[in-house]
Amino acid sequence: LTTGALSFAVAASLTALSCAAASPNVNAAETSMHAAMARDLSIDAARLPQYLATDTRGYSIAAQAPAAAGPAFAGHWIEAGNDGVFRNVVAVANPTAVARVRSLGADVRVVDYALAQLEATSVALRRKNAVRFASNGIASWYVDVKTNRVVVTALPGQLAIARATATSALGDVGMRSVRMIEE
């Protein structure tokens, strides 16, 4: 054995031993984590296994969706349908991508803006406000794939100033992809 292979074998053995020794605590930690997830996601404990299964399938869908949708890719998330069943959802900004994305096992939403467009809007805001965004009424902004908008949060009482700042950075056309909210 080489030194590297021996080190790997020893590390793997020690990891296995420590996991085996900690197994009684793993169930307690997992139970605690599941309770926190149920609380934070507003999911009752009976529905949590279905959510976790959807989440697990979502890793594969999220990895494949950008290639399947191409430049029309606009994001991925999990949501509960009207029937209460959790589903992986992929947004696309071009209807021609729907069949390719649906073949991955996801529900598909056709939206106005591709993720690249929303990210470009976010970058434009960052460039305009890099030094002094708080003095321009803007507290923060982020890309929200579920609403297909860049959400700009204005400081309290400064919504008009924040809107003017965002419009200055993006122009009227760029503002179509923005949703303004106030803290």
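Now for a quick tour of the structure. No experiment lies behind these values; they were computed from the predicted model shown.

Points about the pattern of salt bridges
- Scanning the entire structure with this criterion turns up 6 salt bridges.
- Across the salt bridge formed by Arg87 and Asp83, the nearest N and O atoms sit 2.8 Å from each other.
- On the accessibility criterion, Asp83 (49% relative accessible area) is partly exposed.
- Taking the shortest distance from any N to any O, the salt bridge between Arg87 and Asp107 comes out at 3.4 Å. Here Asp107 lies in strand 3 (residues 107-110) and Arg87 lies in strand 2 (residues 86-92), a separation of 20 residues in the sequence.
- You can call Arg87 partly exposed: its relative accessible area is 25%.
- For Asp107, a relative accessible area of 28% corresponds to the partly exposed category.
- Several salt bridges converge on common partners, so that one network encompasses Asp83, Arg87 and Asp107.

A word on unusual backbone geometry
- Phi at Ser42 takes a positive value of approximately 55°, unusual for a residue other than glycine.
- Checked against the element boundaries, Ser42 lands in the loop between helix 1 (3-40) and helix 2 (48-69).
- Given the relative accessible area of 66%, Ser42 is considered exposed.
- You will see that Asn148, though not glycine, has its phi angle at about 60°, which is positive.
- By secondary structure assignment, the location of Asn148 is in the loop between strand 4 (138-144) and strand 5 (149-154).

Details of helix 2
- With 22 residues, helix 2 ought to run about 32 Å at 1.5 Å a step, and its terminal C-alpha atoms sit 29 Å apart, in line with that.
- Remark: the principal bend of helix 2, roughly 30°, maps to Ala63, with a proline, Pro66, within the next four residues.
- Those residues of helix 2 that sit buried are Leu48, Tyr51, Thr54, Gly58, Ile61, Ala65, Ala68 and Ala69.

Things to note about the environment of Ile181
- If you trace the backbone, Ile181 turns up in strand 6 (residues 178-182).
- In this structure the C-alpha to C-alpha distance between Ile181 and Val151, which are 30 residues apart in sequence, comes to 7.2 Å.
- For Ile181, the contacting residues outside a window of four places in its chain are Val151, Val152, Thr153, Ala154 and Leu159.

With respect to the pairing of strand 5
- Strand 5 sits mainly inside the fold: 5 of its 6 residues count as buried.
- What sits between strand 4 and strand 5 in their antiparallel hairpin is a turn of 4 residues, with Asn148 showing a positive phi close to 60°.
- Looking at chain direction, strand 5 and strand 6 are connected through 5 bridges and run parallel. By the bridge assignment, Val150 is partnered in strand 6 with Val178.

Notes on the sheet that holds strand 5
- Pairing is mixed across the open sheet formed by 3 strands, whose spatial order is 4-5-6. Each edge of the sheet is formed by a strand with only one pairing partner; in this case those strands are strand 4 and strand 6. Within this sheet the neighbouring strands show an average axis-to-axis angle of 20°, counted without direction.
- Here strand 4 pairs with strand 5 via 6 bridges, running antiparallel. Each residue of the ladder has a partner; that of Asp144, found in strand 5, is Arg149.

Digging into the sheet that holds strand 3
- Strand order in the open sheet formed by 3 strands is 1-2-3, with mixed pairing between adjacent strands. Lying at the two open borders of the sheet, with one neighbouring strand each, are strand 1 (73-80) and strand 3. Taking each pair of neighbouring strands and ignoring which way they run, the sheet shows an average axis angle of 25°.
- Where strand 1 lies against strand 2, 7 bridges are found, and the strand directions are antiparallel. When the sheet's bridge partners are listed, Phe73 is paired in strand 2 with Val92.
- Across the face of the sheet, helix 2 comes into contact with strand 1 and strand 2 while running at roughly 15° to strand 2.

Criteria and cut-off values
Along each chain, residues carry numbers from 1 onward, in the same order as the chain's sequence is written. Totals for whole chains, interfaces and linings use all residues, but because this is a predicted model, local features are given only for residues with pLDDT of at least 70 and pairs of side-chain atoms are given and counted only at 80 or more. Based on all heavy atoms of the structure, the side-chain values leave hydrogens and waters out of the count. One side-chain nitrogen of Lys or Arg within 4 Å of one carboxyl oxygen of Asp or Glu is enough to make a salt bridge. When a residue's accessible area, from a 1.4 Å probe over protein chains only, is under 20% of the maximum for its type it is buried; when over 50% it is exposed; and in between it is partly exposed. Numbering of helices and strands starts at the N terminus; helices are DSSP runs of H or I of at least 4 residues and strands are runs of E of at least 2. Here, expected helix span is obtained from the residue count minus one, scaled by 1.5 Å. Bend, in this description, refers to the angle at a residue between axes fitted to the seven residues ending there and the seven starting there. By definition, residues are in contact when any of their heavy atoms lie within 4.5 Å. Strands qualify as paired when DSSP identifies two bridges or more between them. Note on geometry: axes are C-alpha line fits, over the in-contact stretch for helices, and angles between N-to-C directions span 0 to 180 degrees.

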